[in-house]
Amino acid sequence: MRIDRFFAPNRPTISFEFFPPKTDEAWKSLYQTIEHLKPLAPTYVSVTYGAGGSTRAKTVELCGKIQQEIGIDTLAHLTCVGHTADEIGQILDQLWDKGVRNVLALRGDPPAGGVWTKTPGGFDHADELVNFVRSKHDFFVACAGFPEGHPQCLNLSRDLEHLKGKVDMGAGAIVTQLFFDNNDFLHFRDNCRRLGINVPIVAGIMPILNVSQIKRFVTMCGAKIPHPLLTKLESLEHDPAAAEAAGIEYAANQCRDLLFHGVDGIHFYTLNKHPATIEIVKQLRVPGRNVAA
Ligand SMILES: Cc1cc2nc3c(=O)[nH]c(=O)nc-3n(C[C@H](O)[C@H](O)[C@H](O)COP(=O)(O)OP(=O)(O)OC[C@H]3O[C@@H](n4cnc5c(N)ncnc54)[C@H](O)[C@@H]3O)c2cc1C
């Protein structure tokens, strides 16, 4: 099913992100995670697309399995990295044949923090990919947004214009990068609306489960951790259980505030784990599709 039919005012979507793991053990654990999360009735789940190698085919496989066997609508991430348009066309055909109807069209990043270079015969930016995906089959296409600005774009206004370019090309929703200060999200959303970007904007939330891990993530994606939160987490660095509890409490409060401000949807970066997400969603009782029905 295309997921655009689930976006509606005052009916925030709830979604979970997974990544294709590398080992058999981790696959087993991922399927258990999905089974644990399924009763929360997510509107959809998404599956990331790796930087290269065998996990890329696994994305297609996992999307098909979740869609057809587990029965949850799936949003397949797809990037421009290392692909010609023809190759991307073939991946889209495979997704379509597996019943997947939703694509998150992304540029992706160059390997090991290098400089972005377009693959010959491929795409330079996500707006071109959005356009291409829409030209193949009847996919619903979403794109990425960056409440604190994309790390490589030094000018926030220009970044928003590029975001508008993706929406003008047909992206029907924006899923944001993780952020920890809701003011960043709310300003970003206001600026989008001022610029005429009127599609749903889904907030990306990552519950902090491990302090050193989150520090690595924010370095990569350019998000900032508010100073009081960082101080608190650092003081708990030697007590993982307490740090996790603090992370869950922070994310739950963040979500409550976003719902109060009429967010279109909340997307949990689960890192293939279920306990924190379950705890937060239970606290919120977010009206997901089936929860509300
Ligand atoms: C929700 C979400 C999910 C993600 N999932 C994955 C994943 O599964 N796999 C993965 O590898 N990465 C993933 N990423 C990371 C993402 O690929 C990187 O952040 C990447 O650097 C930017 O992708 P984009 O689609 O926003 O690119 P773009 O929209 O192309 O933007 C990239 C940069 O180029 C600029 N730009 C955009 N359009 C133009 C234009 N027409 N002309 C000039 N400049 C332009 C932008 O301002 C920005 O600085 C995800 C990110 C988010 C937020």
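Please refer to the structure placed before this passage.
Residues numbered from 1 in each chain as written. Predicted model: local features only at pLDDT ≥ 70, side-chain atom pairs only at ≥ 80, totals over all residues. Heavy atoms only, no water.

1. Looking at the environment of His162
Part 1: Within the secondary structure, His162 sits in helix 5 (residues 156-168).
Part 2: Taking the C-alpha atoms as reference, His162 lies 13 Å from Pro147; in sequence the two are 15 residues apart. (Helix = DSSP H or I, 4+ residues; strand = E, 2+ residues; numbered from the N terminus.)

2. A look at the packing of helix 3 (residues 85-97) against helix 4 (residues 126-135)
Part 1: Relative to each other, helix 3 and helix 4 sit at 50°, their axes nearing to 11 Å. Viewed along their axes, helix 3 and helix 4 adopt a mutual orientation that is oblique. Considering only the axes of helix 3 and helix 4, their crossing is right-handed. On the side of helix 3, the interface is formed by Ala85, Ile88, Gly89 and Leu92, while helix 4 contributes Leu129, Phe132 and Val133. (Axes fitted to C-alpha atoms, helices over the stretch in contact; angles between N-to-C directions. Parallel < 35°, antiparallel > 145°, perpendicular 65-115°, else oblique. Left-handed = near helix turned anticlockwise from the far one by under 90°. Contact = heavy atoms within 4.5 Å.)

3. Focus: the packing of aromatic side chains
Part 1: Summed over the entire model, instances satisfying the criterion amount to six aromatic pairs.
Part 2: Each ring, one from Phe16 and one from Phe268, has its centre 6.1 Å from the other, and the planes form 45°; the classification is tilted. Taken as a pair, Phe16 in strand 1 (residues 13-18) and Phe268 in strand 8 (residues 265-269) lie far apart in primary sequence, 252 residues in all.
Part 3: Classification of Phe16 as buried rests on a relative accessible area of 1%.
Part 4: When the ring of Phe179 is compared with that of Phe185, the centres are 5.2 Å apart and the planes differ by 15°; the resulting orientation is stacked. The pair formed by Phe179 and Phe185 is uniform in burial state, with each residue classed as buried.
Part 5: A cation sits over an aromatic face here: Lys65 above Tyr31, 4.9 Å from the ring centre.
Part 6: Lying over the aromatic face of Trp96, Arg101 brings its terminal NZ or CZ to 3.5 Å of the ring centre. (Phe/Tyr/Trp six-rings, centres within 6.5 Å; stacked < 30°, edge-to-face > 60°. Buried < 20%, exposed > 50% of the residue type's maximum accessible area, 1.4 Å probe, protein only. Lys NZ or Arg CZ within 6 Å of the ring centre and 35° of its normal.)

4. Things to note about the sheet that holds strand 8
Part 1: Overall, parallel pairing links the eight strands, which are arranged 1-2-3-4-5-6-7-8 in a closed barrel. Across the sheet, the mean angle from the axis of one strand to that of its neighbour is 25°, orientation sign disregarded.
Part 2: Inspection of the sheet shows strand 1 paired to strand 2 (residues 44-47) by four bridges, in the parallel sense. If you follow Phe18 over to strand 2, its bridge partner there is Val47.
Part 3: Those strands touched by helix 6 (residues 182-194) are strand 5 (140-145), strand 6 (173-178) and strand 7 (201-205), and its axis lies near 160° from that of strand 7. (Pairing = 2+ DSSP bridges.)

5. Description of the pattern of salt bridges
Part 1: One pass over the full model with this rule turns up eleven salt bridges.
Part 2: Put simply, Asp109 and Arg107 hold a salt bridge, and the shortest N to O gap is 3.4 Å.
Part 3: Of the residues examined, Arg107 reaches a relative accessible area of 13% and is grouped as buried.
Part 4: A salt bridge links Lys164 to Asp168; the nearest nitrogen and oxygen atoms lie 3.1 Å apart. In this pair, Lys164 and Asp168 are both assigned in helix 5, four residues apart and thus about one turn of the helix distant.
Part 5: The class of Lys164 is partly exposed, set by a relative accessible area of 23%.
Part 6: Linked through salt bridges whose partners overlap, the residues forming this network are Arg2, Asp4 and Asp138. (Salt bridge = Lys/Arg side-chain N within 4 Å of Asp/Glu carboxyl O.)

6. Re the pairing of strand 4 (residues 102-106)
Part 1: Buried residues dominate strand 4, accounting for five of its five residues.
Part 2: Side chains Asn102, Leu104 and Leu106 of strand 4 all project onto a buried face; the interleaved residues Val103 and Ala105 project onto the opposite face, where all are buried too.
Part 3: Sheet analysis places strand 3 (residues 74-79) next to strand 4, joined by five bridges and oriented parallel. Along strand 4, the bridge assignment pairs Ala76 with Val103.
Part 4: Taken together, strand 4, helix 4 and strand 5 constitute a β-α-β crossover, and its handedness is right-handed. (Right-handed = clockwise from strand over helix to strand, strands pointing away.)

7. Overview of the environment of Val81
Part 1: Relative to the assigned elements, Val81 resides in the loop between strand 3 and helix 3.
Part 2: Val81 gets classed as buried once you look at its relative accessible area, which sits at 12%.
Part 3: Taking C-alpha positions, Val81 is 19 Å from Cys63, a pair spaced 18 residues apart along the chain.
Part 4: Setting aside chain neighbours within four positions, we find Val81 in contact with Ala51, Arg56, Arg107, Gly108, Asp109, Trp116 and Thr119.

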